[in-house]
Every structure is written in C-alpha cells, then in structure tokens.
Amino acid sequence: MKIYSAAFVKSAAQTVHYPEMPFPEIAFAGRSNVGKSSLINTLLNRKRLVKTSSTPGRTQLINFFLVNDAFSLVDLPGYGYAKVPASVKKKWGPMIETYLRNRTQLMGVVLIVDMRRDPGPDETRFIDWLHLYGISVIPVVTKADKLSRQKRHQRMSKIAPFFQHTDCLPIPFSAKSRIGREAVWEHIERLLPPAPEESS
Ligand code: GTP
Ligand code: MG
C-alpha cells in the first residue's frame, strides 16, 4: 500500500458524531495498551499521527483517520484492564459495540494481541461476537521485538489456535522493527473494495 495522504478526521463517542464519509473503514481493536495506536502509525509511516502512551487507556474516543482520500482507519478505545475511572470504562463497551454494529461501511476489524500473553476470555468473547455479526477479523500479534526469534515461534504456535475461526492466520508484528507491516496491509487491502480504475 502506498500512502499518499493520512489525516486525522474526528473523534467521536456517539453515532451522531461519526464523520459522514462514504469511504470504507477498517477498525483497530484490542486490550488497552496492546499497541493499537502504534500499529496505525506504523501502517501510515507516521510517528505521532495517532497518540500513543505507556499509560493504558490513552485512546478514550473513537478516532477516525482518512487515508489516500479513499478509506479510513479507525482507532478504538482498548477494552480490558485500563486504569481509567470505572465510569469511563463502563461507557467504552457500548461505545465500541454501537460502532461495530452500526457502521455500514465497516469492512473488518484488526484485532491486536500482545505476543507475550495468551489471549484470554476478553479476546475469545470479542472474536465470538464479531463472528456472530459477520465482521471479518485480521488477528495481529504485536510487540514481537520484545522476544527472541525462537521464543516468537513458540508464542505464535501457542496463540494461533485462539484465532482458528478468524479470516486469516495471526500476523506477527512489531511497531519497533516494523516486521509484519506489509502482511497487515495485504490483508487490509483484501477487505477493501477494489480502487476505481485510474482514468487515463
Ligand atoms: P490505549 O489507547 O491505551 O488502549 O493503548 P494502545 O493499544 O493504543 O497502545 P499504544 O499504541 O499507545 O502503545 C502502548 C505502549 O506500548 C506504548 O508505550 C508503545 O510505545 C508500546 N508499543 C506499542 N507497540 C509496540 C511494539 O511493537 N514494540 C514495543 N517494544 N513497544 C510497543
Ligand atoms: Mg491507543
């Protein structure tokens, strides 16, 4: 994927505030602090377009980014053990669920897990839920740079069975070394409608 342009469009919590864009969308979901925002920055070759933080719970709204004036990448707040007030956390589940169920131009979800931990009940529930609603899932296993090559293989074999019902095999990735970037783009491109032929 060649990136010609990438821009932040809008943050939204409620449906009425979603940007009115006709473009297809790919959303990024996963436990808080797993590296969703860093993955989007790596895909777009940008260091700080999407705000990242070592404090879990950095992304608190649904953030829309327009790429190549053709499609959008959507950064979702993390689920799980975010160190955020319970009142905020309680709103996230419905916020994410409402987006995933109602956004008609949603083409699929990139689900991110940390290579160092086994996916848990949160992930299993989420995959089952996406399956139920017929939403395509691209599993990405990030922070690969934190493990040795041998350990990486071990962890990928252990993690793969959790994703047996998703649309493709989990992709090892690192925002630091950028491994897996091309593979993630390939799978995203498969979910996007073909670009219109360039007129000559
Ligand atoms: P929330 O918005 O809080 O849900 O987090 P997030 O999933 O968007 O994670 P974010 O991208 O902000 O990254 C969280 C922390 O992990 C930051 O300190 C990142 O620098 C770090 N991080 C993310 N991806 C990688 C990676 O591939 N390798 C390493 N070593 N660190 C990473
Ligand atoms: Mg984030």
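Quick look at the structure, then. (Residues numbered from 1 in each chain as written. Chains lettered and ligands numbered in written order. Predicted model: local features only at pLDDT ≥ 70, side-chain atom pairs only at ≥ 80, totals over all residues. Heavy atoms only, no water.)

**Let's talk about the overall build of the chain**
From N to C terminus, the chain includes 5 helices and 7 strands. Along the chain, helices (α) and strands (β) appear in the sequence β-β-α-β-β-α-β-α-β-α-β-α when read from the amino end. Within the chain, the fraction of its 200 residues that count as buried is 49%. Excluding contacts between residues fewer than 6 apart, the proportion of contacts in the chain whose partners are at least 24 apart in sequence is 75%. Per element, the accessible surface of the chain, about 10,800 Å² overall, is 52% carbon and sulfur. (Helix = DSSP H or I, 4+ residues; strand = E, 2+ residues; numbered from the N terminus. Buried < 20%, exposed > 50% of the residue type's maximum accessible area, 1.4 Å probe, protein only. Contact = heavy atoms within 4.5 Å. Areas by Shrake-Rupley, 256 points an atom, 1.4 Å probe, with all protein chains shown as cover.)

**A closer look at the sheet that holds strand β7 (residues 171-172)**
As summarised here, the arrangement of the 7 strands in space is β1-β3-β4-β2-β5-β6-β7, forming an open sheet in which the pairing is mixed. Two strands lie at the open edges of the sheet, namely β1 (6-12) and β7, each paired on one side alone. Where strand β2 (residues 25-30) meets strand β4 (residues 71-75), 4 bridges bridge the pair, whose relative direction is parallel. The residue of β4 that forms the bridge with Ala27 is Val74. The strands touched by helix α5 (residues 181-191) are β2, β4, β5 (106-114), β6 (137-142) and β7; relative to β6, the strand with the most contacts, the crossing angle is about 170°. (Pairing = 2+ DSSP bridges. Axes fitted to C-alpha atoms, helices over the stretch in contact; angles between N-to-C directions.)

**Points about the pairing of β4**
Counting buried positions along β4 yields 5 of 5 residues, so the element is predominantly enclosed. Side chains Phe71, Leu73 and Asp75 of β4 all project onto a buried face; the interleaved residues Ser72 and Val74 project onto the opposite face, where all are buried too. Inspection of the sheet shows strand β3 (residues 62-67) paired to β4 by 5 bridges, in the antiparallel sense. Note on β4: the bridge partner recorded for Phe64 is Val74.

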